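Okay, here's what each chain looks like letter by letter:
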Amino acid sequence: MSTELRPSRVPHHRNGMRVSFEFFPPKTEEMEKTLWESVTRLAPLSPAFVSVTYGAGGSTRERTHATVKRILDETGLTPAAHLTCVAATREEVDDVVRGYVAAGVRHIVALRGDPVGGIGTPYAPHPGGYVNAADLCGGIKRLAAAEKVEIEVSVSAYPERHPESPSDEADIDMLARKVDAGATRAITQFFFDNDLYFRYLDKVRARGISLPIVPGILPVQNFKLAQSFAAKAGASIPSWLADRFAGLDDDPATRKLIAAAVAAEQVFDLVDRGVTEFHFYTMNRADLVYAICHLLGLRPIGASAPAATAAAEAVA
Ligand code: FAD
């Protein structure tokens, strides 16, 4: 058996990999501490951007803003602020956009948000609000033009179709409308079966949509929680994944090792099939994501280059 590493698995350079990390705004001081420890640990990997989620109906409006502002003030990272339009007037949403712009944000992840009554209940746009994510993208682009700034707009994509979509076609139509309104990147809902992602990509490309569809990767820090997220998000949990975590409820150390193995397997398969950009749902925890990025060849900036130079000098 050959022990030679495949080129995509050679870990000593970035291999052109581009990653981004998603965080949520902390609710308590303790959560704030965990978040900043994670941001600090992941920052040297030089992500393309780090995104901060926005609570349904603006429930985290201030906390999202404060987190994004701190990222801008205290790190060299590029933040992307999430924004939803559910349960808000256009004026309220526009105010949030203006606040982001004034703080220095130049990338917004534009989302409709979940229905006010909860997932599974019908969605009703606010009477004076943006009607959906495409409408919101257009609004952000118009505001950016009025403020004379460039704002990059990313949006969601659903390899397994959004739970409210009547069909794959309706789902991809909405993506097309978001692109027409100015979105330049889509980030997917998490998935565990890579074939679902590639089948979705084929359909999107066949529809003539060419924007990057960045896979959203959820390292499974807690299988039960992942199961509950998946049920709400309409993402499937393959039986092989459940099998891998079966019987480990009281064994966090093994669970963590399995989680790293599962995520590495998923990411390497995507790399082998041509993917070079990943968005990680960090759940504000750095360890697993850091390890996967290390496997992808990402190193803290400043650490790998001098070491490589020193090694080359030693050989010379
Ligand atoms: P859209 O892109 O507008 O719609 C998604 C699909 O649902 C469409 O394809 C369309 O076919 C269908 N659809 C939409 N409206 C209707 C309707 N009225 N009737 C029938 N079908 C309809 N949520 C948050 O609250 N805060 C966040 O920060 C956040 N970040 C996210 C980041 C990513 C990368 C992803 C994938 C999701 C995120 N979400 C977030 C969740 C998101 O708000 C929900 O999935 C929401 O239900 C849909 O928002 P959207 O922008 O994806 O919707």
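Above this text sits the structure in question.
Residues numbered from 1 in each chain as written. Predicted model: local features only at pLDDT ≥ 70, side-chain atom pairs only at ≥ 80, totals over all residues. Heavy atoms only, no water.

### Considerations on the sheet that holds strand 5 (residues 152-157)
Taken in spatial order, the 9 strands of this open sheet run 7-6-5-4-3-2-1-9-8, and their pairing is parallel. In this open sheet, the two edge strands, each paired with only one partner strand, are strand 7 (213-214) and strand 8 (216-217). Sheet topology note: the strand 3 (residues 79-84)/strand 4 (residues 107-111) ladder contains 4 bridges and is parallel. Across the sheet, residue L83 finds its bridge partner in strand 4, namely A110. (Pairing = 2+ DSSP bridges. Helix = DSSP H or I, 4+ residues; strand = E, 2+ residues; numbered from the N terminus.)

### Re the packing of helix 4 (residues 133-147) against helix 5 (residues 168-180)
Two elements in contact, helix 4 and helix 5, have axes separated by 8 Å at closest approach and are oriented at 5°. Between helix 4 and helix 5, the angle falls in the class roughly parallel. Between helix 4 and helix 5, the contacting residues are A133, A134 and C137 on the first element and M174, R177 and K178 on the second. Residue composition of the contact of helix 4 with helix 5, by class: 4 nonpolar, no polar and 2 charged. (Axes fitted to C-alpha atoms, helices over the stretch in contact; angles between N-to-C directions. Parallel < 35°, antiparallel > 145°, perpendicular 65-115°, else oblique. Contact = heavy atoms within 4.5 Å. Nonpolar A, V, L, I, M, F, W, Y, C, P; charged D, E, K, R; others polar.)

### A word on the pairing of strand 2 (residues 49-52)
Judged by which residues are buried, strand 2 turns out to be covered on both faces: F49 and S51 on one side and V50 and V52 on the other are all buried. Strand direction decides the pairing type here: strand 1 (residues 18-23) and strand 2, joined by 4 bridges, are parallel. If you follow S20 over to strand 2, its bridge partner there is F49. With respect to chirality, the unit in which strand 1 leads through helix 1 (residues 29-42) into the neighbouring parallel strand 2 is right-handed. In this structure, strand 2 lies alongside strand 3, joined through 3 bridges in parallel fashion. Looking across to strand 3, one finds that V50 is bridged to P79. (Buried < 20%, exposed > 50% of the residue type's maximum accessible area, 1.4 Å probe, protein only. Right-handed = clockwise from strand over helix to strand, strands pointing away.)

### Some points on helix 4
Spacing of three or four residues puts side chains on the same side of an α-helix, whose turn is 3.6 residues. Over its 15 residues, helix 4 runs 21 Å from end to end, which matches the ideal 21 Å to within 8%, given 1.5 Å per residue. Listing the buried residues of helix 4 in full gives A133, A134, D135, L136, C137, G138, G139, I140, L143 and A144. Between the side-chain oxygen at the start of helix 4 and the backbone nitrogen of A134 there is a gap of 3.1 Å, and the oxygen is on N132. Within two residues after helix 4, K148 carries a phi angle of roughly 60°, on the positive side. (Expected span 1.5 Å × (residues − 1). Polar contact = N/O pair within 3.5 Å; in protein donor to acceptor, adjacent residues only side chain to side chain.)

### A word on helix 10 (residues 287-295)
Here helix 10 has its buried residues at L288, V289, Y290, I292 and C293. Considering only its buried residues, helix 10 is in contact with strand 1, helix 1, helix 9 (252-272) and strand 9 (277-281). Looking one or two residues past helix 10, G297 carries a phi angle of roughly 100°, positive in sign.

### Details of the pattern of salt bridges
In total, this model carries 20 salt bridges according to the counting rule given. Of the charged contacts, one joins E265 and R244 as a salt bridge, the two residues approaching to 2.5 Å between their closest N and O atoms. A residue pair is termed long-range when its members are at least 10 positions apart, and E265 in helix 9 and R244 in helix 8 (residues 239-245) qualify at 21 residues. Here the residues in one salt-bridge network are R18, E152, R185 and E277, joined through shared partners. (Salt bridge = Lys/Arg side-chain N within 4 Å of Asp/Glu carboxyl O.)

### Considerations on the site of the ligand
Around the ligand there are 22 residues in total, and Y54, D114, S156, Y158 and K178 lie nearest to it. Between a nitrogen atom of the ligand and a main-chain N or O atom of Y54, the distance comes to 2.5 Å. Separating an oxygen atom of the ligand from a side-chain N or O atom of Y158 is a distance of 2.5 Å. In the complex, the protein chains occlude 84% of the 980 Å² of accessible area that the ligand would expose alone. Among the elements that make up the shell around the ligand, the one with the highest residue count is helix 5 (4 residues). Along the lines of polarity and charge, the residues of the shell around the ligand split into 9 nonpolar, 8 polar and 5 charged. (Near = heavy atom within 4 Å. Areas by Shrake-Rupley, 256 points an atom, 1.4 Å probe, with all protein chains shown as cover.)

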